[in-house]
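Architecture at a glance
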Amino acid sequence: MAKRSWTSIFTRSMTRSLATLQRSALRSALPATRRALKAVTPTVARVKPVARGRTGVKAPGKGATAAGLWLPGVAIGPAGARRYRLYRPAGIRSGERVPLLVMLHGCGQDAKGFAASTRMNRIAAREGFLVLYPEQERLANAQGCWNWFDTQSGRAWGEVALIMAAIDQVCTLYPADRERVAVAGLSAGASMAALLVTRHPARFRALVMHSGVPPGSAHSTLSALGAMRGRRQAGALPAAPMTSAVDLPPLLVIHGGRDAVVAPGNGDTAARLWAEAAGASAVAARTVQRGKRHPMTVTDHRLRGRTVVTQIGIAGLAHAWSGGAASEPYGDAKGPDASRMVWAFVARQFKS
């Protein structure tokens with residue numbers, strides 16, 4: 001009999017450990033799941049049916065409930081382990097594969113708080129897609145920030161690998177379509193989302209940066225502070241292994257003009273770098289205002305009729321999720337609904 005390699009033994013051991021952790025997390029969280037649903041998962045008594053052409057999933061018919069499941073999980077990688085939460089809407093039929101939106105929280109937040117602030121689960125219940133909320137550990141960062149800036153030590157890349165492990169696990173255990181995955185984030189979550197996409201561009205169909213710093217702007221804690229204040233400029237997007245910049249998926253940038261935490265110029269830089277990498281040109285900006293919400297300036301960057309970057313500047317918005325729940329930290333209910341804009345942008349990429 002041939003000798004088994006240490007690599008194969010380690011791989012099988014890790015696989016068994018991951019399965020055990022997953023089963024343990026599911027068993028221990030079942031009683032809490034029902035309570036958590038009231039806080040982070042909406043229950044809609046009547047849902048207007050959604051046409052199949054929009055997301056590939058038919059919503060529950062009239063009179064049906066749209067409550068879903070708030071599921072726990074653990075992803076394991078070379079850099080350790082990270083917990084995550086997954087929102088699964090009701091009404092997914094057996095054998096169906098539905099889109100997956102990854103949501104990365106900002107500093108001082110966790111999965112539950114970010115879901116409550118953005119109310120993205122309400123949209124997922126109506127449109128029929130999964131929402132994955134990876135969660136940063138306080139032992140990895142005291143403020144609960146993703147370490148997007150720590151590329152010099154390699155810690156940022158370790159967290160990228162952990163988030164990718166969570167995505168792969170969800171695509172294996174749940175009805176997520178690997179060909180329709182997008183990622184969005186707020187603040188440090190937005191910066192990590194951008195780093196994730198530049199590292200693995202072929203895995204994502206769209207990227208949304210809300211109040212974040214573009215990749216390549218920092219490599220340590222000290223340089224991150226300068227980048228957040230707008231004192232450092234990214235020279236170029238970091239190239240992913242074996243890929244080119246033109247492979248990057250479309251980008252939506254949302255940034256507030258009154259942001260005193262992450263300078264608004266970071267949004268300008270992210271849009272410019274993305275557009276330059278694709279060879280896209282900006283078209284005339286337009287001003288949009290919905291009701292009494294903050295007005296926004298929208299600029300598209302296009303290449304041969306295709307929108308590569310959409311940049312949204314909101315003059316009256318500070319460092320907060322636009323349109324987010326006022327009862328949650330880092331939410332501004334007076335802003336235009338960023339969650340709706342995120343899904344509208346992402347859904348267009350899934351159909352293209």
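Residues numbered from 1 in each chain as written. Predicted model: local features only at pLDDT ≥ 70, side-chain atom pairs only at ≥ 80, totals over all residues. Heavy atoms only, no water.

It is at 9 Å that the axes of helix α4 (residues 120–127) and helix α9 (residues 338–351) come closest, and there the two elements cross at 40°. On the basis of their axis angle, the class for α4 and α9 is oblique. Between α4 and α9 lies a crossing of right-handed hand. Of the residues in α9, those in contact with Met 120, Ile 123, Arg 126 and Glu 127 of α4 are Ser 339, Arg 340, Val 342 and Trp 343. The residue inventory of the contact of α4 with α9, partitioned by class, reads four nonpolar, one polar and three charged. (Axes fitted to C-alpha atoms, helices over the stretch in contact; angles between N-to-C directions. Helix = DSSP H or I, 4+ residues; strand = E, 2+ residues; numbered from the N terminus. Parallel < 35°, antiparallel > 145°, perpendicular 65-115°, else oblique. Left-handed = near helix turned anticlockwise from the far one by under 90°. Contact = heavy atoms within 4.5 Å. Nonpolar A, V, L, I, M, F, W, Y, C, P; charged D, E, K, R; others polar.)

A few words on the confidence of the model for the protein chain. Here the protein chain averages 83 in pLDDT, and 77% of its residues register 70 or above. Low confidence marks residues 1–66, where pLDDT is under 50. Its contacts with residues over four positions away, or in another chain, come to 92 contacts. Long-range and interchain partners of residues 242–246, a stretch whose pLDDT sits below 50, account for three contacts in this model, where long-range means more than four residues apart. (pLDDT = per-residue confidence, 0-100.)

Our next topic: the pattern of salt bridges. Close approach of charged atoms allows side chains of opposite charge to pair. Tallied over the full model, the rule gives 13 salt bridges. Arg 93 is the salt-bridge partner of Glu 96, the closest N and O atoms lying 3.1 Å from each other. Given a relative accessible area of 38%, Arg 93 falls into the partly exposed group. Between Asp 168 and Arg 178 there is a salt bridge, with the nearest N and O atoms lying 3.5 Å from each other. Separated by 10 residues along the polypeptide, Asp 168 in helix α5 (residues 155–173) and Arg 178 in strand β5 (residues 176–186) bring together distant segments of the chain. Judged by its relative accessible area of 27%, Asp 168 is partly exposed. A single network of salt bridges, built from pairs that share partners, joins Arg 83, Glu 135 and Glu 137. (Salt bridge = Lys/Arg side-chain N within 4 Å of Asp/Glu carboxyl O. Buried < 20%, exposed > 50% of the residue type's maximum accessible area, 1.4 Å probe, protein only.)

Moving on: the pairing of strand β10 (residues 296–303). Burial analysis of β10 places six of its eight residues in the buried class, which makes it a mostly covered element. Here two bridges tie strand β8 (residues 281–282) to β10, and the two strands are oriented antiparallel to one another. Pairing of Ser 281 across the sheet is with Arg 302, part of β10. In terms of strand pairing, strand β9 (residues 286–288) meets β10 through three bridges, oriented antiparallel. In the strand pairing of β10, Val 288 is matched with Met 296. Pairing of β10 with strand β11 (residues 306–314) involves seven bridges; the strand directions are antiparallel. (Pairing = 2+ DSSP bridges.)

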